[in-house]
Amino acid sequence: MLYQSTRGGNDRQTAAQVITRGIAGDGGLYVPESIPRLTAEDIDMLIDTPYPERAAYTMGLFLDGYGKDEILDYTRAAYATPKFDDPAVAPLYKLGKGTFFLELWHGPTCAFKDMALQVLPQLLTSAMRKTGVDREVCILVATSGDTGKAALEGFKDIPGTKIMVFYPRDGVSGVQKLQMTSQEGNNVGVVAVEGNFDDAQTGVKAIFADECFSRELSGSGYILSSANSINWGRLVPQIAYYVSSYCDLLAAEELKPGDKVNFCVPTGNFGNILAAYYALKMGLPIGKLICASNRNDVLTQFFGEGVYDKNRQFHTTASPSMDILVSSNLERLLFELSNKDGAAVSSYMEQLSSRGRYTVSPEFESAAGEVIAGGSCGEEDTFATIADTYNERRYLIDTHTAVAYKVLLDYRNRTGDDTPTIVVSTASPYKFCDSVLRALGKPADHDGAGLIDELADLTGCQPPGPLASLKGKTPRFTVSVDPSGMKAAVKGFLA
Ligand SMILES: *Cc1c(COP(=O)(O)O)cnc(C)c1O
């Protein structure tokens, strides 16, 4: 299986090549030329296997050139206990009839990004060997909070790699900040950017686009790569948990083979929900994908009206990993749903960068409407949903998951669709103690790691080990830079 660019260029690349390169030469994103099928027999065979087997099987369908045993080695190492604190790795929680939460935060950094970033370093370093790149790779990451920490944990002390993370100085929670600034490892760097997530992401993209800088780094033995969710190696491991959750519903006899399930996904950069879309295209029986946004509702407008318009105010919210105006991975959906029309995708992307908006064709709009429904949830509703879910069901959810759950409740009211639905739960509530405490009527006057104990005392729920141990850690990384200083920061890091 080969990969092509969403902007229609002619080059065809192997899985190892696209994972090494991250972004295509024409500025597009790599997508598979054809999508492998997952049959009912495949699903039946996976029901009785543990998570690493399910993941390796699903990933293997996309990763020609990687051995089956090789991938299984990686998934077994990535999703092992005690690194993951639940043997199911991605367990389902049943809240009530037809409503499930897929908990993707049992890994080392307590957010769903671990699902991909625990395995990406192995996929990437192997890809470099396969493609004959014998330089050290420097990973640059722009993060809205969770990716940064998950990438740091994934790449820390991996031979042949260095990693530098940029986060928006005032756009992440106190726990998230301390998680990153106290990161251990000999190949890591962490820098605060004086701006929002889009500023940080734009800065990283500019560094990647700077050929002169690449040549300079190449001379000193480095190549740059991205662990952001545009890398195909990030997406493939995410497809696996959609398949796995379906197997779990069959095993629990909540569904019969072939029955449809909906997924409701709290969305920012459109990576997580895109993985669900690929699972659907593979043949997993999915009814609707519900794309949940917070107050930054650019995607809700897009799926409602066919207009993508980033010319709007940016809001800093209690669900910072969704505070995004340019959802990079949407480009892949544009490509798939426009019948692989690279010229149309190029034109949309050109309009997005020149005018900040584009309008899709009516054909595209109706194709999107068949599979995806958008919805958004404001700040007060986010807090109320956390409180209601805890007070009525004693189930504690984080702000991102609350956005998704509220959007699902609204969707059901609006449409009457009663298909069993899995809400994708993307972070431990303990990552956002400040907001969760506020939602429960106990606002704190500071935002530090001490809040972990406060939340634990209030709810009697155990905080995950990696967060409980943050207390008393001192920051190792304290530098902050203006967006214009990011390149110099990378230079300094690699010097
Ligand atoms: C990254 C993240 C999201 C958004 O995921 P995308 O793949 O960017 O759409 C949602 N919730 C949490 C907790 C995250 O870390």
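Below, the structure is looked at part by part. The shown structure was predicted, so the numbers you read here are calculated from the model rather than taken from an experiment.

**Things to note about the overall build of the chain**
Part 1 of the reasoning: What the chain contains, in helices and strands, is 22 helices and 15 strands.
Part 2 of the reasoning: Rg of the C-alpha trace for the chain: 21 Å, near the compact-globule value of 23 Å for 495 residues, within the 12% margin.
Part 3 of the reasoning: Principal axes of the C-alpha set define a box for the chain whose edges measure 60 × 50 × 50 Å.
Part 4 of the reasoning: For the chain, the proportion of its 495 residues judged to be buried stands at 62%.
Part 5 of the reasoning: For the chain, restricting intrachain contacts to residue pairs at least 6 apart in sequence, the fraction spanning at least 24 positions comes to 74%.
Part 6 of the reasoning: For the chain, the computed accessible surface area is about 18200 Å², with 47% contributed by carbon and sulfur atoms.
Part 7 of the reasoning: Averaging the locations of the 46 positively and 60 negatively charged side chains of the chain gives two centres separated by 2 Å.

**Overview of the site of the ligand**
Part 1 of the reasoning: Surrounding the ligand, one finds 15 residues, the nearest of these being Lys113, Asp146, Gly268, Asn269 and Thr426.
Part 2 of the reasoning: In the environment of the ligand, an oxygen atom lies 2.8 Å from a nitrogen or oxygen atom belonging to the backbone of Gly268.
Part 3 of the reasoning: Between a nitrogen atom of the ligand and a side-chain N or O atom of Thr426, the distance comes to 2.8 Å.
Part 4 of the reasoning: Contact with the protein chains hides 98% of the accessible area of the ligand, taken as 380 Å² for the molecule alone.

**Details of the packing of aromatic side chains**
Part 1 of the reasoning: Summed over the entire model, instances satisfying the criterion amount to 18 aromatic pairs.
Part 2 of the reasoning: Aromatic side chains Phe101 and Tyr405 sit 5.3 Å apart centroid to centroid with 65° between the ring planes, which places their arrangement in the edge-to-face category. You can see Phe101 sitting in strand β4 (residues 99–103) and its partner Tyr405 sitting in helix α18 (residues 399–415), a full 304 residues away along the chain. Considered together, Phe101 and Tyr405 belong to a single accessibility category, that of buried residues.
Part 3 of the reasoning: Between Phe302 and Phe303, the ring centres sit 5.1 Å apart and the planes meet at 70°, which makes this aromatic pair edge-to-face.

**Things to note about the nonpolar core**
Part 1 of the reasoning: One finds Leu63, Tyr66, Tyr242, Phe270, Phe303 and Tyr358 to be the most contacted residues of the largest nonpolar core, which totals 111 residues.
Part 2 of the reasoning: No other element matches the 12 residues that helix α11 (residues 232–251) contributes to this core.
Part 3 of the reasoning: In this view, Tyr242 contacts Phe263, Val265, Asn272, Ile273, Ala275, Ala276, Ala279, Leu284 and Val424; residues no more than four positions away in its chain are not counted.
Part 4 of the reasoning: If you look at the next biggest cluster of nonpolar residues, it comprises 39 residues, including Cys264, Leu455, Ala456 and Leu467.

**A short note on the pattern of salt bridges**
Here the idea is simple: oppositely charged side chains can pair when their charged atoms come close.
Part 1 of the reasoning: Throughout the structure, instances matching the rule amount to 19 salt bridges.
Part 2 of the reasoning: Residue Arg54 is joined to Asp248 by a salt bridge in which the shortest nitrogen-to-oxygen separation is 2.9 Å. Taken together, the residues Arg54 in helix α3 (residues 51–60) and Asp248 in helix α11 connect sequence positions 194 residues apart.
Part 3 of the reasoning: A salt bridge links Glu153 to Lys156, with the nearest nitrogen and oxygen atoms 3.4 Å apart.
Part 4 of the reasoning: Overall, Lys156 belongs to the partly exposed group, its relative accessible area being 29%.

**Description of the packing of helix α7 (residues 146–155) against helix α8 (residues 174–181)**
Part 1 of the reasoning: Viewed as axis vectors pointing N to C, α7 and α8 meet at an angle of 30°, and their least axial separation amounts to 9 Å. By the angle class used here, α7 and α8 are roughly parallel. In this structure, the crossing between α7 and α8 has a hand that is left-handed. Between α7 and α8, the residues in contact are Asp146, Gly148, Lys149 and Leu152 and Gln176, Gln179 and Met180, respectively.
Part 2 of the reasoning: Its residues assigned to classes, the contact of α7 with α8 shows two nonpolar, three polar and two charged.

**Here we look at the pairing of strand β14 (residues 421–425)**
Part 1 of the reasoning: Along β14, five of the five residues are buried, which leaves the element largely enclosed by surrounding structure.
Part 2 of the reasoning: By the alternation rule, side chains of β14 split into Thr421, Val423 and Ser425 and Ile422 and Val424, which are all buried.
Part 3 of the reasoning: Here five bridges tie β4 to β14, and the two strands are oriented parallel to one another. Within β14, the residue paired with Phe100 across the bridge is Ile422.

**Topic: α7**
Part 1 of the reasoning: Of all 10 residues in α7, 10 are buried, a share of seventy percent or more.
Part 2 of the reasoning: Where α7 is concerned, the buried positions are Asp146, Thr147, Gly148, Lys149, Ala150, Ala151, Leu152, Glu153, Gly154 and Phe155.

**Some points on the environment of Leu284**
Part 1 of the reasoning: Tracing the backbone shows Leu284 in the loop between α12 (271–282) and β10 (286–293).
Part 2 of the reasoning: Judged by its relative accessible area of 3%, Leu284 falls in the buried class.
Part 3 of the reasoning: Considering only alpha carbons, one finds Leu284 and Gly492, 208 residues apart in sequence, at a separation of 47 Å.
Part 4 of the reasoning: Setting aside residues no more than four positions away along its own chain, Leu284 makes contact with Leu38, Ile43, Tyr242, Val243, Tyr246 and Ala279.

**Side note on the sheet that holds strand β13 (residues 372–376)**
Part 1 of the reasoning: An order of β3-β4-β14-β9-β10-β13 is seen for the six strands of this open sheet, with the pairing classed as mixed. Every other strand in the sheet has two partners, leaving β3 (92–96) and β13 as the edge strands with one partner each. Here the average twist between neighbouring strands, direction ignored, is 25°.
Part 2 of the reasoning: Inspection of the sheet shows β3 paired to β4 by four bridges, in the antiparallel sense.

**Some points on the side chain of Asn294**
Part 1 of the reasoning: If you trace the backbone, Asn294 turns up in the loop between β10 and α13 (298–305).
Part 2 of the reasoning: For Asn294, a relative accessible area of 0% puts it in the buried group.
Part 3 of the reasoning: Side chain to side chain, Asn294 and Asp323 meet in a polar contact 2.9 Å long.
Part 4 of the reasoning: The residues contacting Asn294, other than those within four sequence positions of it, are Thr317, Ser319, Met322, Asp323, Ser376, Cys377 and Val403.

**With respect to the sheet that holds strand β5 (residues 136–142)**
Adjacent strands of a sheet pair through backbone hydrogen bonds, lying either parallel or antiparallel.
Part 1 of the reasoning: A sheet is described by the order of its strands in space; here five strands give the open sequence β8-β5-β6-β7-β15, paired in parallel fashion. Pairing within the sheet leaves two strands with one partner each, and these edge strands are β8 (222–226) and β15 (480–481).
Part 2 of the reasoning: Inspection of the sheet shows β5 paired to β8 by five bridges, in the parallel sense. Paired with Leu140 across the two strands is Ser226, which belongs to β8.
Part 3 of the reasoning: Strands β5, β6 (161–168), β7 (188–193), β8 and β15 of the sheet are contacted by helix α22 (residues 486–494), whose axis makes an angle of about 150° with β6.

What counts, and at which threshold
Residues numbered from 1 in each chain as written. Predicted model: local features only at pLDDT ≥ 70, side-chain atom pairs only at ≥ 80, totals over all residues. Heavy atoms only, no water. Helix = DSSP H or I, 4+ residues; strand = E, 2+ residues; numbered from the N terminus. Rg over C-alpha atoms; globule rule 2.2 N^0.38 Å. Buried < 20%, exposed > 50% of the residue type's maximum accessible area, 1.4 Å probe, protein only. Contact = heavy atoms within 4.5 Å. Areas by Shrake-Rupley, 256 points an atom, 1.4 Å probe, with all protein chains shown as cover. Lys, Arg positive; Asp, Glu negative; His and termini not counted. Charge placed at Lys NZ, Arg CZ, Asp CG, Glu CD. Near = heavy atom within 4 Å. Polar contact = N/O pair within 3.5 Å; in protein donor to acceptor, adjacent residues only side chain to side chain. Phe/Tyr/Trp six-rings, centres within 6.5 Å; stacked < 30°, edge-to-face > 60°. Core = buried A, V, L, I, M, F, W, Y, C linked by side-chain atoms within 4.5 Å. Salt bridge = Lys/Arg side-chain N within 4 Å of Asp/Glu carboxyl O. Axes fitted to C-alpha atoms, helices over the stretch in contact; angles between N-to-C directions. Parallel < 35°, antiparallel > 145°, perpendicular 65-115°, else oblique. Left-handed = near helix turned anticlockwise from the far one by under 90°. Nonpolar A, V, L, I, M, F, W, Y, C, P; charged D, E, K, R; others polar. Pairing = 2+ DSSP bridges.

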